[in-house]
Amino acid sequence: MSNIQQNKKKVAVVGSGPAGLTIASNLLNHGVEVDIYESFHMAGGVLIYGIPDSRLPKSIVNQEIDSMVLSKGGKIILNIKVGRDIQLSELQTKYDAVYLAAGAGIPNKIGIKGEECDRVYSGHDYMARYKVPDAYPSESLIKLKQSKNVIILGAGNVAMDAARTATEAGAVSVNIVYRRSEKEMPAREHEVNDAKDMGAIFHFLHTPKQILHENGKVTGVEFAKTSLGEPDEKGRATFKEIPNSNFVMPCDTIIVCVGAGVDNQLTDNTGLALDSKGLVIIDENCKTNLDNVYAGGDLVTGNKIVPLAMGAGRKAAKCILDRFGILANAMPKEMVQIMTCISPKK
């Protein structure tokens with residue numbers, strides 16, 4: 001049972017990225033108390049560690065956090081990881097509702113030899129080390145700025161942001177390598193064009209085989225050339241390696257951008273229903289299978305764009321307010337348009 005006094009409702013939000021900030025702002029607007037639990041030392045989630053400063057300065061993010069949450073009386077509790085420092089079950093007993101918005105922040109690995117070497121980063125880790133250097137040892141930023149020849153594996157939006165960040169960090173050569181053709185790239189067209197304008201070089205129909213290194217330091221990547229085949233079950237062209245086509249591309253830094261998944265530490269031993277990809281399953285009211293636990297954003301949909309995560313937070317706020325018997329303000333027209341893009345899994 002909740003310990004809320006005077007019938008005032010209180011909600012715990014796990015994660016301070018776009019979905020978490022949006023639901024917190026909307027609930028606070030309706031008189032609901034909100035505590036946000038953030039595992040990182042700074043609030044903002046992907047807005048801080050996943051978008052280059054040239055596109056979104058930290059100062060702007062901090063202003064928005066103050067406007068959306070802190071100025072309305074919301075609390076942000078930093079350096080607390082749900083599933084490690086506090087359990088989901090404990091939040092369920094302390095709050096009238098819990099909203100999971102921790103994102104999909106655990107980077108996928110390619111699974112090739114040498115991936116554990118020094119100067120092999122995930123996309124978000126690389127950008128966080130550059131954008132929030134005080135969260136890491138001092139030599140971390142020095143190493144990034146010493147990187148001159150960078151290879152980025154993957155061609156989604158995160159890869160384009162990583163290319164921009166590498167250029168800002170002083171890289172002389174930034175190479176984006178993708179195993180399919182330019183037509184199949186998942187990145188948005190304007191993101192690709194921006195990367196090209198900044199000097200990134202694209203290489204298509206190459207798949208990585210192993211990371212080469214000397215004394216644990218990266219020296220290059222061995223690739224095999226590929227050719228495209230018939231579409232797979234998702235409609236993307238399949239690919240196969242061309243025999244005897246291997247070659248080496250030298251580099252001193254590798255950024256792996258092949259997607260990310262949900263942190264198992266958050267979901268394990270909770271009873272949360274997950275799909276085959278480990279994403280949290282919700283119903284049409286943004287609710288999970290657990291009592292008073294809701295979810296949204298990337299840990300439900302996988303990595304998507306920021307407006308969709310914000311739309312998920314807005315929708316969940318309305319669902320929670322409905323359950324509390326609080327009349328929600330009308331949703332702005334532009335938000336309704338965003339909501340049509342969201343298809344919760346049942």
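Below or above, wherever it landed, is the structure these notes cover. Predicted model, so just to flag it, every value in this text is computed and none were measured. (Residues numbered from 1 in each chain as written. Predicted model: local features only at pLDDT ≥ 70, side-chain atom pairs only at ≥ 80, totals over all residues. Heavy atoms only, no water.)

The side chains of a regular strand alternate between the sheet's two faces. The two faces of strand β4 (residues 97–100) match: A97 and Y99 on one face and V98 and L100 on the other face are all buried. Bridge count between β4 and strand β16 (residues 293–295): three bridges; the pairing is parallel. Paired with Y99 across the two strands is Y294, which belongs to β16. (Buried < 20%, exposed > 50% of the residue type's maximum accessible area, 1.4 Å probe, protein only. Helix = DSSP H or I, 4+ residues; strand = E, 2+ residues; numbered from the N terminus. Pairing = 2+ DSSP bridges.)

A few words now on the environment of V132. Assignment of secondary structure puts V132 in the loop between α5 (123–131) and α6 (138–146). In the structure, V132 is positioned 79 residues away from D53 in sequence and 10.0 Å away in space, judged by C-alpha atoms. V132 has contacts with H41, M42, I48 and K58, leaving out every residue within four places of it along the chain. (Contact = heavy atoms within 4.5 Å.)

The subject of this paragraph is the sheet that holds strand β8 (residues 173–178). Strands sit in the order β6-β14-β7-β8-β9 across an open sheet of five strands; the sheet is parallel. With partners counted over all chains shown, the strands left at the sheet margins are β6 (120–122) and β9 (201–204), one partner each. If you compare each strand with its neighbour and ignore which way they point, the axes differ by 25° on average. With five bridges joining them, strand β7 (residues 149–153) and β8 adopt parallel strand pairing. Looking at β8, one finds that I152 is bridged to I176. The sheet contacts of helix α7 (residues 157–168) involve β7, β8, β9 and β14 (253–256), and relative to β8 the element is tilted by about 165°. (Axes fitted to C-alpha atoms, helices over the stretch in contact; angles between N-to-C directions.)

Our next topic: unusual backbone geometry. Trans peptide bonds make up the majority, and among non-glycine residues the majority have a negative phi. If you check the backbone angles, R119 has positive phi at about 70° while not being a glycine. Mapped onto the fold, R119 is located in the loop between β5 (106–107) and β6. Here R119 falls in the buried class, since its relative accessible area comes to 16%. For L205, which is not glycine, the phi dihedral falls at a positive 60°. As for its position among the elements, L205 is in the loop between β9 and β10 (206–214). You can call L205 partly exposed: its relative accessible area is 27%.

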